[in-house]
Each structure stands twice: as structure tokens, then as C-alpha cells.
Amino acid sequence: MCGIIGYIGKDKCIPKIIHGLEALEYRGYDSAGISYILNNKVKTIKSEGKIANLKKLVTFDENAYLGIGHTRWATHGKANKTNAHPHTVGKFTIVHNGIIENYSEIKEKLIKEGYKFKSETDTEVACALFDYLHKNEKDILKVLKKATSILRGSYAFGIICSDDPNSLYTIRNTSPLIIATDKTGNFIASDVPAILKFTNKYILLDDLEIAKLEKDNITIYDKNLQKVKKTINTFSQSFESATKNGYEHFMLKEIYEQDEVYNNTINYYFDGTIESLENSFKYLNEFEKFDIVACGSAYHTGLVGKYLLENYANIPVNVEVASEYRYKKCFYDTKTLVILVSQSGETADTLAALRKAKEDGIKTLAIVNVVGSSIAREADYVIYIKAGCEIAVATTKAYLAQVAIFSLITTYSSYKNKQIKNDELKSLLEEIKSLANKIKETINNYKTYFSIADKIYKNKQIFFIGRGIDYAISMEASLKLKEISYINSVAYQAGELKHGTISLIEKNTPVIAIATDKNLIEKTISNIKEVKARGANVILVSNTDFKDKFYDEFIKTINVHPILESIITIIPLQLLAYQVAKNNECNIDKPRNLAKSVTVE
Ligand code: AGP
């Protein structure tokens, strides 16, 4: 989604801003632009498409020391140069992440005041509003404060006013924004990677706080324009963690990191003993049921979580997509824990679902990767997964770490609710501790998955089927494949196919069948035979050997305790999706139209 970088300091700003924009590329965008102050005047350069296009237009050596840059992921209006940010109206030039919900009504009023608009964007309207308010109020801080009472929606703004060419202003509501400082000057950015080359120290701006950055000073104000002191955070991962480190793609690198990520995540909460799980998760005992709310792959981890918690811990779980949950009637009560799952911790719908639950007095738990993100900060309880920086738009290691957390809390709750015998618990605890080796072994078997991918990558559609937890895994496997390869792919409950979708199966249609749940394998095999009888090319993923060969290709997964099985099963399917996309020459790390962090609803 859109990215913001701004700099004011002793160094020339253009190289820093362009570097920041490149570091934000992973978020997904379709145009880019930069504005800077040169000889007390604002100069703006924008281009459609990649930052490489913008780089051809800028002069890196300009004597400019204050500037803002933006990568735009189109929301209001097409992805073109006119709609690209920054926008200038009157004395104000701004970049914006988020969506101004009431921009149409503000625009109408401003048109009556004589404003004319060039773009279709809500951002240009916000910019005009700042300019309009500034006509009667010369204090820019007061202008911004007043604007927050008018603007509805989510925003993080980087703002330059030509009346004050030695200051960079910023304000946020819901959309993330950080402020950072190095020995040459000060930055604003939507995300840590943008500034990581220059500094690992940053400040998180809270909703409705306003910051004024000068070359050697940062002042932050609360919504009443009282100065506030903020904590300086240190980003502990290295710059290396945000680079490809020799891998062809971030996605591949991140898949290969999964054994380490698994260990980092579980070791934070678990030392091999049930007592450590008790210490980490005892607050869960206050609740009788869970609502798991998330988007995309994080939602799919919730589906796995539901299956695990219901089957092995006897806890009823309701899983919902956040964009639906935030507007629906919820039947939660004080015995419900609402669990928000999010890699970025900034997904707008998930954040809104969290706020809704909190407003209704319901306790919330965030399972999040990005430390200090909005969802992590606002939830009552937080479980951090330790996935490190995830750059590829298609999540892999964060998904695996989220599933690992559901496995851990299921193990704990199953013990607490007396759903597991002592012997089984003992061996499960040992298996949890040593699973990283099996994750590594599964990754190292990549040649099997790649050879199957080589046979199916030209197909126009690929189906996934499974029952129970295998259906939950199918959902994620199917999303992984379609988001990076653009091949139409749908996941079905294996028993549901014959109620309509089976009419799409013809000779050689790939059907990837996942069958790891021992209680359901027989049933899934019957469904596999139904599609096989109609000519499907069946790729079976299972932890079990079969006497009959009712499939065309077989991916054998390692047999582990059912609470851990889904951690292993997803790996071949991530690698298969990767290789299919690679064979199709797709832009694997930055698939078209997608954004890493979806900060608009
Ligand atoms: C999956 O590969 C996608 N990147 C997407 O579905 C993602 O999981 C979703 O947008 C939720 O993001 P979050 O985990 O940052 O909240």
C-alpha cells in the first residue's frame, strides 16, 4: 500500500528520499512522486509506474534539503501521473496514506469557495482544505488541528507549506507513521525499512498527534497542541533482514527462514515445559470462547486455529474476515476473547474490528509480527510472532509463525481443559521443541515440489481440496498460488465439490488434494476418486502412504502430531506456488495490484 518518506536536514534530500521510496517498494504501488524545496519554492516530479521511471526524471544533486516522497497504490482515481502524490494546492504540498471518507462533501464546499481540482484523489481535497483553513489561520499547527476535526477516515500526511520552507509537518490518524532521526537530520516514514539505511532509532506517532520537524529539532504535539514526550524505539533487526541476501526473491528467502522463525517464535513462549506455557498464556483461562478476526492469509491461520482449538482443546471458536466482522452484529460477551491476527499490525479492517470489540467492552488479543504497530499497541494482550521483517507481499514465514502460535495455545488449552493424556502431552511438548528440523527437512525437499510445479504451471485453473484442517490449509495454498501466479485457483471442502464445482473439472485439470487428517482421509480419498474419474490430474499431499495409486503425483509430508501437522503441510505448497509463478515469469515479490500492508478499508 502507499508509502511515505520525508527528510529535512543537512544532507541533500533527493538521494535519501529516493532510497526511502525504493525501500518501500515492497508495499506495492503503481506511481511515485517527490516534492522538495529549492530556492524557497516547491518543485514536484511525478511518474506513473516504477520508481525507476521517477529516477530518470530527478536530478539527485539538487541543493534541496527538505522533501517528501510517495509511492501510491491507487484508491481514488486511476494510477496515473495526475493522481500520483505529492499534490499541491495553494501554499500546501502533501503526501497521504489512507482514505478520506468525507472527501466528496469537503470537495463540494471547496469548489464553492473557488477551488479547482486537477486529480480525482481525496488527497488533493485534503490539501485544498489545509490551504483554505490557512487563509484565516497562519499558525500551521492550528490549521492541522482544525483539519482533523473536519477530515473523516484514515490518514498519515507529510506536509510542506511554502510559507514555512524550513519545516516538515506530519499528522496521522489510523494510518501508520514513524519519525526518525540520524546525525544529519530528521525523517518521517510510513514504515521502518524506509529509514533503516540511515538509522534504527524511531518514534511512533499516535493518532491525532502532530509533529513539526526542523533540520535539528523535532517537536510533537497532542491533539490539544500540548507538547508531548515520546519514547525512542530501536529497531533490533539488521538491514540484512530487509535484503535478499543472495536469494532470487524475498519470498524464497522468507520460505527458507521458516525453521529459524519457528524456533524464534516458540522459544519466546516455551522452554519445553508446560509451566512455561502456563506463564505465557494463563490469561486465556479467563475466556470460554474465541472470535478470531483477520484478513487474507492471517484469516487462514484463524481457520487453522479454529480447527485446532475446537478439536483438541474443546473451545468454541468463531472465525471471521475483519471487513465483515467490523460491520456485523456480534454475539460476543465478557467470556469471549477477540483474537486479531495480523503480520503488519496495521491492516485497517482488522484494526477497526479490534476497536469495535474494545468499544463493546470485550477483551482483545493481538497475534502480530510488527512490534509497536497499531493493533499491537491497542490490544489488551499481545503475542508477538518472531518472524522478522517480511518483505514479499505473499506472506509465508509470518503465516507459519502465526500457525505455530495457534499450535502452542492449543497445546496449553488442551492440557488446561483436560483434553490430552499425560503421555501424549509429554511427547507433544518434545515434538514442539524439535519441529524446526522437520521444517528444514521439508524445505530441503523442494525439488519434488518444483518438478510438479514444472508440469502444471501452464494450466489456466488449479483446484485445491481438503476436509477439516486440510481445507483450512487448502485456502492458504490456493491464495498463495493465485496471488503470485495469477492462475485462477479455488479451494473447496472436498465433500462440497460435487454440489456444483465439479462441472469445471475436465481432462488434466490439476486438483491438489490435501489429506493429512487421519480421521478424514478415507472420506477425502472418495472425493479424490470422484475428480479422478472426471479426468483431473490429482496431486496428493499427505503424510500417509497408500496401497492404491488413485493420484497422479504425490507429495509425502512428514508425520507429526496433528496439532503441528499444518505447520509442515503448508511448506510444499508455498514452494509449489513460488515455482509456478517463477515459471510464468511473474513479479513474485510484488504481484500486480497488491499491497503488503492494507491500510485502507
Ligand atoms: C497474503 O499473502 C497477503 N499478503 C494478504 O492476504 C495478507 O495476509 C492480508 O492482507 C493481511 O495482512 P496482515 O497480516 O498484515 O494483517
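Residues numbered from 1 in each chain as written. Predicted model: local features only at pLDDT ≥ 70, side-chain atom pairs only at ≥ 80, totals over all residues. Heavy atoms only, no water.

The method is simple in principle: a probe with the dimensions of a water molecule rolls over the atoms, and the space it marks as empty is what remains. Its boundaries defined by the atoms lining it, the second largest pocket holds a volume of some 590 Å³. Around the second largest pocket sit 30 residues that line it, and Cys295, Gly296, Ala595, Lys596 and Val598 are the ones nearest its centre. Looking at the lining of the second largest pocket, the elements that each hand over two or more residues are helix H9 (296-313), strand S17 (336-342), helix H11 (348-359), helix H13 (397-416) and helix H16 (469-485). Across the lining of the second largest pocket, the residue classes break down as 13 nonpolar, 12 polar and five charged. Each of two domains, domain 2 (244-444) and domain 3 (445-595), supplies a minimum of three residues to the lining of the second largest pocket. (1 Å grid on protein atoms, 1.4 Å probe; cavity = no way out; pocket = protein on both sides within 12 Å on 5 of 7 lines; lining within 4 Å. Points joined across faces, edges and corners; volume = space filled by probe spheres on them. Helix = DSSP H or I, 4+ residues; strand = E, 2+ residues; numbered from the N terminus. Nonpolar A, V, L, I, M, F, W, Y, C, P; charged D, E, K, R; others polar. Domains from an automatic or database assignment.)

Once that is clear, we can look at H9. Residues spaced three or four apart along an α-helix face the same direction, because each turn holds 3.6 residues. Over its 18 residues, H9 runs 25 Å from end to end, which matches the ideal 26 Å to within 8%, given 1.5 Å per residue. Counting buried residues in H9 gives 14 out of 18 residues, a clear majority hidden from the surface. Residue Asn314 follows H9 closely and has a positive phi angle near 60°. (Expected span 1.5 Å × (residues − 1). Buried < 20%, exposed > 50% of the residue type's maximum accessible area, 1.4 Å probe, protein only.)

Bringing the side chain of Asn537 into the picture now. Counting through the fold element by element, Asn537 comes out in strand S23 (residues 537-542). Not counting residues up to four positions away in its chain, the partners in contact with Asn537 are Ile456, Asn508, Thr509, Pro510, Val511 and Asp552. (Contact = heavy atoms within 4.5 Å.)

Another aspect to go through is the sheet that holds strand S14 (residues 233-234). Taking strand neighbours across the sheet as the criterion, the eight strands line up as S3-S2-S4-S1-S10-S9-S11-S14 in an open arrangement whose pairing is antiparallel. Two strands bound the open sheet, and with one partner strand each, they are strand S3 (41-48) and S14. With two bridges joining them, strand S11 (residues 201-204) and S14 adopt antiparallel strand pairing. Across the sheet, the residue bridging to Tyr202 is Asn233, located in S14. Packing of helix H1 (residues 13-23) onto the sheet brings it into contact with strand S1 (3-9), strand S2 (31-38), strand S4 (66-72), strand S9 (178-182) and strand S10 (185-189), and relative to S4 it is tilted by some 20°. (Pairing = 2+ DSSP bridges. Axes fitted to C-alpha atoms, helices over the stretch in contact; angles between N-to-C directions.)

Here we come to the nonpolar core. Core analysis: the largest hydrophobic core is formed by 150 residues, its most contacted members being Tyr262 and Phe281. Broken down by element, the residue count for this core peaks at 13 residues, all from helix H18 (residues 562-583). Ignoring anything within four residues of it in the chain, the contact list for Phe281 reads Tyr269, Ile383, Leu408, Ile409 and Tyr412. One finds Tyr103, Leu110, Tyr115 and Ala128 within the second-largest nonpolar core, a separate group that totals 31 residues. (Core = buried A, V, L, I, M, F, W, Y, C linked by side-chain atoms within 4.5 Å.)

Turning next to the domain arrangement of the chain. Split by domain assignment, the chain resolves into domain 1 (3-242), domain 2 (244-444) and domain 3 (445-595). Here the C-alpha centre of domain 2 lies 34 Å away from the C-alpha centre of domain 1. At the junction of the two partners, domain 1 supplies 15 residues and domain 2 supplies 15 residues. In this structure, Arg377 and Asp206 form a salt bridge, with 2.5 Å as the shortest nitrogen-oxygen distance. Linking domain 1 to domain 2 there are four residue pairs in polar contact (both at pLDDT 80 or more). (Salt bridge = Lys/Arg side-chain N within 4 Å of Asp/Glu carboxyl O. Polar contact = N/O pair within 3.5 Å; in protein donor to acceptor, adjacent residues only side chain to side chain.)

Turning next to the pattern of salt bridges. With the rule as written, the count across this model stands at 31 salt bridges. Two residues, Arg326 and Asp349, come together in a salt bridge whose shortest N-O distance is 2.7 Å. Of this pair, Arg326 sits in the loop between helix H10 (322-325) and S17 while Asp349 sits in helix H11, and the two are 23 residues apart along the sequence. Pair check on accessibility: Arg326 and Asp349 agree, each one buried. With a shortest N-O distance of 3.9 Å, Lys498 and Glu530 are connected by a salt bridge.

In total, this model carries one cavity of 30 Å³ or more according to the counting rule given. As for the largest cavity, its lining consists of Cys2, Arg72, Trp73, Thr75, His76, His85, His96, Asn97, Gly98, Thr121, Asp122 and Thr123. Considering every element that reaches the lining of the largest cavity, the biggest residue donor is strand S6 (residues 92-100), with three residues. A breakdown of the residues in the lining of the largest cavity according to their chemical character gives two nonpolar, eight polar and two charged.

Once that is clear, we can look at the packing of aromatic side chains. Under the counting rule described, the total for this entry stands at 17 aromatic pairs. Look at Tyr247 and Tyr256: their rings are 5.5 Å apart centre to centre, the planes differ by 40°, and that puts the pair in the tilted class. A relative accessible area of 17% places Tyr256 in the buried class. With a centroid separation of 4.2 Å and an interplanar angle of 5°, the aromatic rings of Tyr283 and Tyr381 are classed as stacked. Of this pair, Tyr283 sits in the loop between helix H8 (274-281) and strand S15 (289-294) while Tyr381 sits in strand S19 (residues 381-384), placing them 98 residues apart in sequence. (Phe/Tyr/Trp six-rings, centres within 6.5 Å; stacked < 30°, edge-to-face > 60°.)

As a further point, take the site of the ligand. Neighbouring residues of the ligand: 14 residues in total, closest Ser342, Gln343, Ser344, Thr347 and Glu483. For the ligand, an oxygen atom lies 2.6 Å from a polar atom in the side chain of Ser342. Ser344 is positioned with one of its side-chain polar atoms (N or O) 2.7 Å from an oxygen atom of the ligand. Burial of the ligand by the surrounding chains reaches 90%, relative to a free accessible area of 410 Å². Using a 2 Å cut-off from the grid points, one finds that the ligand occupies the second largest pocket. Every element with two or more residues in the shell around the ligand is listed here: H9 and H16. A per-class count over the shell around the ligand returns five nonpolar, seven polar and two charged. When residues are assigned to domains, the shell around the ligand turns out to be shared by domain 2 (244-444) and domain 3 (445-595), each giving three or more. (Near = heavy atom within 4 Å. Areas by Shrake-Rupley, 256 points an atom, 1.4 Å probe, with all protein chains shown as cover. Sits in = over half its atoms within 2 Å of the grid points.)

This part covers the packing of helix H15 (residues 446-456) against H18. Two quantities define a packed helix pair, namely the angle between the axes and the distance from one axis to the other. Remark: H15 packs on H18, axes separated minimally by 8 Å, with the N-to-C direction vectors making an angle of 45°. On the basis of their axis angle, the class for H15 and H18 is oblique. Pair H15 / H18 crosses with right-handed handedness. Note on element contacts: H18 touches H15 through Pro572, Leu575, Leu576, Tyr578, Gln579, Val580 and Asn583, opposite Tyr446, Tyr449, Phe450, Ile452, Ala453, Asp454 and Ile456. (Parallel < 35°, antiparallel > 145°, perpendicular 65-115°, else oblique. Left-handed = near helix turned anticlockwise from the far one by under 90°.)

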